[in-house]
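Report on the structure
Next come the chains, spelled out residue by residue.
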Amino acid sequence: MKKIALFTLLFLFIVGCANGRGMKVIIKPTLDKRLKEVQPIPLHVGLFIEPSLRHFSQEEWQTDLIAGIHHYVFPIGEPLAKNIEEMTKRIFNNVTILNELPNREIIEKTGLDVILTVQLKASKLELIVEESVWRAIGKHDLSVHVSLLDKNLNKIFEDELAVEGKNLDLIDYETEGGWWKISGPKYGPAVEDSIEKLVFKIAQRLIAFREKIIIN
């Protein structure tokens, strides 16, 4: 069974390299459990996530003696945007997802109290294989530009938030590194870590301005 699984992975890897798409990394971040205890802010927020962030995908190549040659595709934007949406729905009583920045007419029509905007600032991935100890380290520096506006489009706050995600992946000694050479080290968790940290950091920023938001 192991030989069949390894052959299947090898076939998928070869196909991925041949068509130039690379191997899509599965990224499934989760929300921080502490958000379940947050008392929602009694306001209607309009959430605008920049389209370039929503559709952001990052490609990385890695060539290594142990890991081999791998072409990764990290679909970072989709899970990041989804988690920001889920977090916002826990922080505010009412949330409207916006496809574009609203004008005052739309704000009045939809009854928005505040508008939260999120833009991608930077995303840097570092894929490391330490051959002497047969382990891989993934690092992901992720930052966004966040703004909160009142219903008159005045800025309540504007900030750049940055985090570093990390993950350690040890080699599978049972197959003597066989799966590493076929599917590559697991770097997805490093991205998941950065997304989880960043989304919670945005939540903390909103909670810190709770009183000022309600007053406005």
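Since we're looking at a predicted model, the values are computed, not measured.

1. Here we look at the overall build of the protein chain
Along the backbone of the protein chain there are 7 helices and 8 strands. Taking all 216 residues of the protein chain together, the buried fraction comes to 46%. When contacts within the protein chain are restricted to residue pairs at least 6 apart in sequence, those whose partners lie at least 24 apart make up 74%. Summed over all atoms, the accessible surface of the protein chain reaches about 12,000 Å², with 53% contributed by carbon and sulfur.

2. Digging into the nonpolar core
Core analysis: the largest hydrophobic core is formed by 51 residues, its most contacted members being Phe 74, Ile 84, Met 87, Phe 92 and Leu 206. Judged by nonpolar contacts, the second largest core, of 6 residues, contains Phe 48, Ile 107, Leu 112 and Ile 115.

3. Some remarks on helix 3 (residues 77-91)
Taking 1.5 Å as the rise per residue, helix 3 with 15 residues should run 21 Å; its terminal C-alpha atoms sit 21 Å apart, in good agreement. Buried within helix 3 are the following residues: Gly 77, Pro 79, Leu 80, Ala 81, Asn 83, Ile 84, Glu 85, Met 87, Thr 88 and Ile 91. Against the buried residues of helix 3 lie strand 2 (41-49), helix 2 (51-54), strand 5 (92-98), strand 6 (114-130), strand 7 (135-150) and helix 6 (188-208).

4. Quick word on the pairing of strand 8 (residues 155-170)
Pairing of strand 7 with strand 8 involves 15 bridges; the strand directions are antiparallel. Bridge pairing in strand 8 places Leu 142 opposite Val 163.

5. Here's the deal with the side chain of Ser 147
Checked against the element boundaries, Ser 147 lands in strand 7. Given a relative accessible area of 5%, Ser 147 falls into the buried group. Dropping the residues within four chain positions of it, Ser 147 is found in contact with Ile 115, Leu 116, Thr 117, Phe 157 and Glu 158.

6. Here we look at the pairing of strand 3 (residues 58-64)
Alternating residues of strand 3 divide into Gln 58, Glu 60, Gln 62 and Asp 64, all buried, and Glu 59, Trp 61 and Thr 63, none buried. Pairing geometry for strand 3 and strand 4 (residues 68-74), over 7 bridges, is antiparallel. Residue Gln 62 lies in a different strand from strand 4, and its bridge partner there is His 70. Adjacent in sequence and paired antiparallel, strand 3 and strand 4 are bridged by 3 residues.

7. Structural notes on the confidence of the model for the protein chain
Chain-level statistics for the protein chain give a pLDDT mean of 88 and a share of 86% at 70 or above. Mean pLDDT across the elements of the protein chain bottoms out in helix 1 (residues 2-18) (45) and peaks in helix 3 (97). Under a pLDDT of 50 for its full length, residues 1-19 has, in the predicted model, 12 contacts with residues more than four places off or in other chains.

8. Some words on the packing of helix 3 against helix 6
At a minimum axis distance of 10 Å, the contact between helix 3 and helix 6 shows a crossing angle of 30°. Considered as vectors, helix 3 and helix 6 are oriented roughly parallel to each other. As helix 3 packs across helix 6, the resulting crossing turns out to be right-handed. Here Pro 79, Leu 80, Asn 83, Ile 84, Met 87 and Ile 91 of helix 3 come into contact with helix 6, specifically with Ile 195, Leu 198, Val 199, Ile 202, Ala 203, Leu 206 and Ile 207. Classifying every residue of the contact of helix 3 with helix 6 by side-chain character gives 12 nonpolar, 1 polar and no charged.

9. Observations concerning the sheet that holds strand 1 (residues 23-24)
Strands sit in the order 1-4-3 across an open sheet of 3 strands; the sheet is mixed. Each having just a single partner strand, strand 1 and strand 3 make up the two edges of the open sheet.

10. Considerations on the packing of aromatic side chains
Under the criterion given, the structure shown has 3 aromatic pairs. Measuring from centroid to centroid gives 5.9 Å for Tyr 72 and Phe 74, while their planes differ by 40°, and the two rings are tilted. By relative accessible area, Phe 74 is classed as buried at 0%. Here a set of aromatic residues connected by ring pairs shows up, and it is made of Tyr 72, Phe 74 and Tyr 187. Positioned over the ring face of Phe 157 is Arg 205, at 4.7 Å from the centre of the ring.

Rules and cut-offs
Residues numbered from 1 in each chain as written. Predicted model: local features only at pLDDT ≥ 70, side-chain atom pairs only at ≥ 80, totals over all residues. Heavy atoms only, no water. Helix = DSSP H or I, 4+ residues; strand = E, 2+ residues; numbered from the N terminus. Buried < 20%, exposed > 50% of the residue type's maximum accessible area, 1.4 Å probe, protein only. Contact = heavy atoms within 4.5 Å. Areas by Shrake-Rupley, 256 points an atom, 1.4 Å probe, with all protein chains shown as cover. Core = buried A, V, L, I, M, F, W, Y, C linked by side-chain atoms within 4.5 Å. Expected span 1.5 Å × (residues − 1). Pairing = 2+ DSSP bridges. pLDDT = per-residue confidence, 0-100. Axes fitted to C-alpha atoms, helices over the stretch in contact; angles between N-to-C directions. Parallel < 35°, antiparallel > 145°, perpendicular 65-115°, else oblique. Left-handed = near helix turned anticlockwise from the far one by under 90°. Nonpolar A, V, L, I, M, F, W, Y, C, P; charged D, E, K, R; others polar. Phe/Tyr/Trp six-rings, centres within 6.5 Å; stacked < 30°, edge-to-face > 60°. Lys NZ or Arg CZ within 6 Å of the ring centre and 35° of its normal.

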